[in-house]
Amino acid sequence: MILKTLFKKDRRPLSFTSKSTSAPSSTPTSASTSPSTPSSASPSLFRRMSIKIQEKLPSKGVQVSAYISPTVASWGTCSITLTVPGETVVFQSSSPPTSSSSAAASSQQQQQQFFSRAIEVEARNIPSLFDKKGRFSFRVNLALGQDSNNSNKNMLITEQWIDINAITGFATGGTMDSIASTPSIFAWVDPEGSTTTPNRRRREVVVTYGFYESGPAGQDILPKRHQCYITVSSAGSRWMEDLIPPGSWQANRRFRKLVLPSAHDAGMNSMASSSKLLGKLGGAVVGTLVHDNRIMTEIADALSGPAIALIAPNIIFSLAMTQKDSLDAMLRIGARYFEFRPAYCHAAVRSAMQRGKDGLPDKLYFQHGAIPGMGYDVFLADVVAFLLAHQEEIVVVQLRWDGVPNECVRPSDQDKREYLNQALKMAGDRIVTGNENDLRHATIAQLRRDKKRLIMMESVDSLSTYTDEGNATMDGHSIVDAFSKVLTEDNWKGKVFINIQCQATATNIPKAVAYSVLDAGTTSSCILATKATCDSKTLPWCRDNVLRTCGYDTLVVMMNDFIDGATADVAFQLSKQRLMA
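For clarity, every value in this text was computed on a predicted model and none was experimentally measured. (Residues numbered from 1 in each chain as written. Predicted model: local features only at pLDDT ≥ 70, side-chain atom pairs only at ≥ 80, totals over all residues. Heavy atoms only, no water.)

Trainee: Residue-level account of the sheet that holds strand 2 (residues 59-68), with values.
Mentor: Strands sit in the order 5-2-11-10-9 across an open sheet of five strands; the sheet is mixed. Each having just a single partner strand, strand 5 (114-122) and strand 9 (185-189) make up the two edges of the open sheet. Averaged over neighbouring strand pairs, the angle between their axes works out to 20° when direction is ignored. Here strand 2 runs beside strand 11 (residues 226-234); their pairing, made up of seven bridges, is parallel. In the sheet register, Gln-63 faces strand 11, and the bridge partner there is Gln-227. Across the sheet, helix 20 (residues 531-550) touches strand 2, strand 5 and strand 11, and the angle it forms with strand 11 is around 40°. (Pairing = 2+ DSSP bridges. Helix = DSSP H or I, 4+ residues; strand = E, 2+ residues; numbered from the N terminus. Axes fitted to C-alpha atoms, helices over the stretch in contact; angles between N-to-C directions. Contact = heavy atoms within 4.5 Å.)

Okay, structure coming up:
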């Protein structure tokens, strides 16, 4: 990877990498210090004062974490260009080594797949005297070689932006002004640089990204800088087929050798169910839904009951929304393991929802505490539809109910059968459900042959790296520290699978949730606040240490909030290595 920092306007450069484009100084180059040197040759008092004032003008920072997949880099030169007034930073993929003598270069290149850099929107670089908004933008380009005229075929994958006030720190407008407006972007590319209808020759690239607004000066333990993450990777719609072609020697390997990307709490990707419930019953029920007295106490210390009811959507959004893509997009990114907590709505609201019109249907929903998310019927139907369209892929689903209060009635065995059978109707005899025994002992070829491409399990014995203390972090250090302590053979031997949870759980820090809610905007969430920082630590650790700490013969799951291309790509590469062992 190559990191370049360019300055487009007159400003004093950072000392470590910046290149100034300022005009040469008017100070004479002569070494003479003779008293006869005219005083006009030195900067005027006014200019010195101006420089001092500019140096003290405020700025607002953006912490950016990025990732470029080596697979995408092998297609051509990929670059992520960050821009603010007065500064441009380019993160660019390097050409892969061409010989075994380049092993050191290859290792260095691998380490530089991940990139982290702070960039400042500075008031002194914004020409307007009164409007100190500066645009932060990023652009993803892929250069696919040269055409017949020896010109680079440079393909713009996407460009996103938001305006940031250097004085107040507020981020507004643009394409990243709400979390809901930042879905993953998929594009088809081919050697001609085309994005037309896909075929077997073309390759699909996905850009996953997100922007967190920290507020004017950050709040208490929340980040002081805005946060942005960007990943560019090969889409994972058919990653099992590509990595394990039918009839290949890899297909005769056991399924448990794989490392599966996972979207943490995939059912919490939309406010649709919660919004409908709040619209029907009002915000006063938010305390029942949150089901966490610590958080509600923090909020109540700052607001009255009626005021809390008014911001109920903000409370739920900041506490429970862990994904922002559709389930189909999560699957296309590469997610193949899902945990789902199906239960009926809390008893205190369930009957009330059925009275009159516009109620929430009485059915099973994903439950985050008692906050309803995606319908279980919708989840199963979407998974089955994906498997029908991608006939070599295999998806694992585990049902569990940890964290779901008893007031949310769990499904009976008959409920579970009926929901599953209804979803499988569209598949006919093309999909059969597998179980824990299949996951542990069957080869990939056997699962495909027997059509057991939807493996359903319930509350199985697995090893998880998650702890309330370790994952309650704003910087990710305690998560990584726990990895080495938990991931030992003594702990995972005999388990059905190993679940490496890369996401922070800032929602276990009541003050973080309270501040996030009280300062809430459409780009603020304490869950999103930690992603860029934590991913830059947890994902490189997984890439470099999973094989050493988890062995080669127990299924591994890599779970993350806001499932992204870096998480998926690291899992793909680890799966490839484990299959070869």
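Trainee: Mind laying out the side chain of Thr-208, listing which residues take part and the relevant values?
Mentor: One can find Thr-208 in strand 10 (residues 203-212). Polar contacts involving the side chain of Thr-208 include one to the side chain of Thr-231, which spans 2.3 Å. Polar contacts involving the side chain of Thr-208 include one to the main-chain amide nitrogen of Gly-565, which spans 3.1 Å. Every residue in contact with Thr-208, bar those within four places of it in the chain, is listed here: Ser-184, Tyr-229, Ile-230, Thr-231, Ile-333, Ile-563, Asp-564 and Gly-565. (Polar contact = N/O pair within 3.5 Å; in protein donor to acceptor, adjacent residues only side chain to side chain.)

Trainee: Quick rundown of the sheet that holds strand 16 (residues 371-375)? Include the residues and the values.
Mentor: On the basis of which strands lie adjacent, the open sheet formed by three strands has the order 14-15-16 and antiparallel pairing. Sheet topology places strand 14 (342-343) and strand 16 at the edges, where each strand pairs with a single neighbour. Pairing analysis gives three bridges linking strand 15 (residues 365-368) to strand 16, with the strands arranged antiparallel. Looking at strand 16, one finds that Tyr-365 is bridged to Gly-375. In the packing of helix 5 (residues 272-281) onto the sheet, the strands contacted are strand 15 and strand 16, and the crossing angle to strand 16 comes to about 130°. Its contacts with the sheet place helix 12 (residues 376-389) against strand 14, strand 15 and strand 16, and it is angled at close to 35° to strand 16.

Trainee: Give me the lowdown on the pattern of salt bridges, citing residues and values where you can.
Mentor: A complete count under the given rule lists 25 salt bridges for this structure. With a closest N to O distance of 3.3 Å, Asp-402 and Arg-341 form a salt bridge. In this pair, Asp-402 is assigned in the loop between strand 17 (395-399) and helix 13 (413-424) and Arg-341 in the loop between strand 13 (337-340) and strand 14, connecting sequence segments 61 residues apart. The exposure class of Asp-402 is partly exposed, given its relative accessible area of 39%. (Salt bridge = Lys/Arg side-chain N within 4 Å of Asp/Glu carboxyl O. Buried < 20%, exposed > 50% of the residue type's maximum accessible area, 1.4 Å probe, protein only.)

Trainee: Break down the nonpolar core for me, with residues and values.
Mentor: As a rule of thumb, nonpolar side chains are buried together in soluble globular proteins. Ranked by internal contacts, the top residues of the largest apolar core, which has 83 residues, are Phe-255, Leu-258, Leu-260, Phe-338, Tyr-376, Phe-379 and Leu-454. It is helix 12 that contributes the most residues to this core, eight residues altogether. When neighbours within four sequence positions are excluded, Phe-379 is seen to be in contact with Leu-327, Phe-338, Phe-340, Met-374 and Val-397. Grouped together as the second largest cluster of nonpolar side chains are 39 residues, Val-62, Val-84, Phe-138 and Val-140 included. (Core = buried A, V, L, I, M, F, W, Y, C linked by side-chain atoms within 4.5 Å.)

Trainee: So what about unusual backbone geometry? Which residues, and what values?
Mentor: Backbone geometry at Lys-451 places phi at a positive 65°, although glycine is not the residue there. The residue Lys-451 is located in the loop between helix 15 (444-449) and strand 19 (454-458) in this model. Taking relative accessible area as the criterion, Lys-451 reaches 32% and is therefore assigned partly exposed.

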